[in-house]
Amino acid sequence: MADQDFVLHPIAHIESDFADKFGIPRQSGLVDALRARIVFEPEYRDPSAFRGLEQFSHVWLLWQFTQAVRDKWSPTVRPPRLGGNTRVGVFATRSPFRPNPIGLSCVRLETVQQDPVLGPVVWVRGADLLDGTPIYDIKPYIPYVDSHPDAAEGYTAQTRTYHLAVDCPEELRAMLSPAQWEALAGVLENDPRPSYQNDPDRVYGMRFAGFEVHFTVAEGVLTVRQITRE
């Protein structure tokens, strides 16, 4: 058999509000208020490559889990939403710890902006990517072949409707712009914590859009305790 190895070269990187893994939504599309932009490498800034893209409302992003690169892989993983103790096959999950650390996300296409320095810049909503994540490809989402409303959800059905109530003092909320707060609130209500952690006294911290956000969770309510600028 011929050598099947080949090298992927990033065509772009994403600029998002997430400086760390903690807090990033577990799936794309969960928080539509999250805006991010995709900046392309110089050799891929030809406007012709984007012709017709704005006819689509959503696109697929193919990218790399840069913080999950390992020399070895495990055939089973423990999905956080199953409590962190139940093991399932890696190919039955979207875990970042895979034989090849490749991610696939469906995001809403907001616009393709022509920047005088950066060339075409793609703005998207609902991305679940760390700031600086390399993008390997972009493809249009095609509803009549990509959407399957009758598809089986597997074990994910038991967590699909899970959300927390979010309580934040007005003086802390006022530190963020309305758009930033809408995005942050969406992230928090989806519960950034590992599912196996349920200590009401524990203070969690996450970095978001240049802020440090600290919170606690008790009885289904996430309470923001502190927001400070980095």
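Refer to the structure printed above.
Note that this is a predicted model, so its numbers are computed, not measured.

Parameters and conventions
Residues numbered from 1 in each chain as written. Predicted model: local features only at pLDDT ≥ 70, side-chain atom pairs only at ≥ 80, totals over all residues. Heavy atoms only, no water. Pairing = 2+ DSSP bridges. Helix = DSSP H or I, 4+ residues; strand = E, 2+ residues; numbered from the N terminus. Axes fitted to C-alpha atoms, helices over the stretch in contact; angles between N-to-C directions. Buried < 20%, exposed > 50% of the residue type's maximum accessible area, 1.4 Å probe, protein only. Core = buried A, V, L, I, M, F, W, Y, C linked by side-chain atoms within 4.5 Å. Contact = heavy atoms within 4.5 Å. Expected span 1.5 Å × (residues − 1). Phe/Tyr/Trp six-rings, centres within 6.5 Å; stacked < 30°, edge-to-face > 60°.

A. The arrangement of the sheet that holds strand β10 (residues 204–208) in detail. One open sheet accounts for four strands, arranged β9-β12-β11-β10; its pairing is mixed. Of all strands in the sheet, those with a lone pairing partner are β9 (165–167) and β10, marking the two edges. With direction set aside, neighbouring strand axes in the sheet form an average angle of 35°. In terms of strand pairing, β9 meets strand β12 (residues 221–229) through three bridges, oriented parallel.

B. Expanded view of the pairing of strand β1 (residues 12–15). Alternating residues of β1 divide into A12 and I14, all buried, and H13 and E15, none buried. In terms of strand pairing, β1 meets strand β2 (residues 35–40) through four bridges, oriented antiparallel. Counted as the bridge partner of H13 is V39 from β2. In the sheet, β1 pairs with strand β8 (residues 134–140) via two bridges, with the strands oriented antiparallel. Bridge pairing links A12 to I135 in β8.

C. Representation of the nonpolar core within the structure. Membership of the largest hydrophobic core comes to 27 residues, with the highest contact counts inside it found for L184, M206, F208, V224 and I227. Examining the composition of this core, we find that six residues originate from one element, helix α3 (residues 178–189), more than from any other. In contact with V224, other than residues within four places in its own chain, are D167, C168, P169, L172, L188, V213, H214 and F215. In terms of nonpolar packing, the next biggest core, distinct from the first, is built from 22 residues, I14, I38, F50 and A68 among them.

D. Layout of the environment of L222. In this fold, L222 is placed in strand β12. Once the C-alpha coordinates of L222 and L164 are considered, the two residues, 58 residues apart in sequence, prove to be 6.3 Å apart. Once you skip the residues sitting within four places of it in the chain, L222 turns out to touch L164, A165, V166, D167, L188, P192, F215, T216 and V217.

E. Quick look at the pairing of β2. Across five bridges, β2 lies against strand β7 (residues 119–125) in antiparallel orientation. By the bridge assignment, I38 is partnered in β7 with V122.

F. Quick peek at the sheet that holds β1. If you walk around this closed barrel you meet the six strands as β1-β2-β7-β6-β3-β8, and the pairing is antiparallel. Averaged over all adjacent pairs, the angle separating strand axes in this sheet is 45°, with direction ignored.

G. Fine view of α3. With 12 residues, α3 ought to run about 16 Å at 1.5 Å a step, and its terminal C-alpha atoms sit 16 Å apart, in line with that. Among all positions of α3, only W181, A183, L184, A185, G186, V187 and L188 are buried. The elements touched by buried residues of α3 are β9, α2 (170–173), β10, β11 (211–218) and β12. Downstream of α3 by one or two residues, D191 has phi in the positive range, about 65°.

H. Up close: the packing of aromatic side chains. Tallied over the full model, the rule gives eight aromatic pairs. Relative to Y204, the ring of F22 has its centre 6.4 Å away and its plane inclined at 10°; by these criteria the two rings are stacked. On the criterion of sequence distance, the pair formed by F22 in the loop between β1 and β2 and Y204 in strand β10 is long-range, its members being 182 residues apart. In this structure F22 comes out as partly exposed when scored by relative accessible area, which is 24%. Counting every residue linked through ring pairs, the aromatic cluster contains F22, Y204 and F215.

The quantities given are spatial measurements derived from coordinates; they are silent on function.
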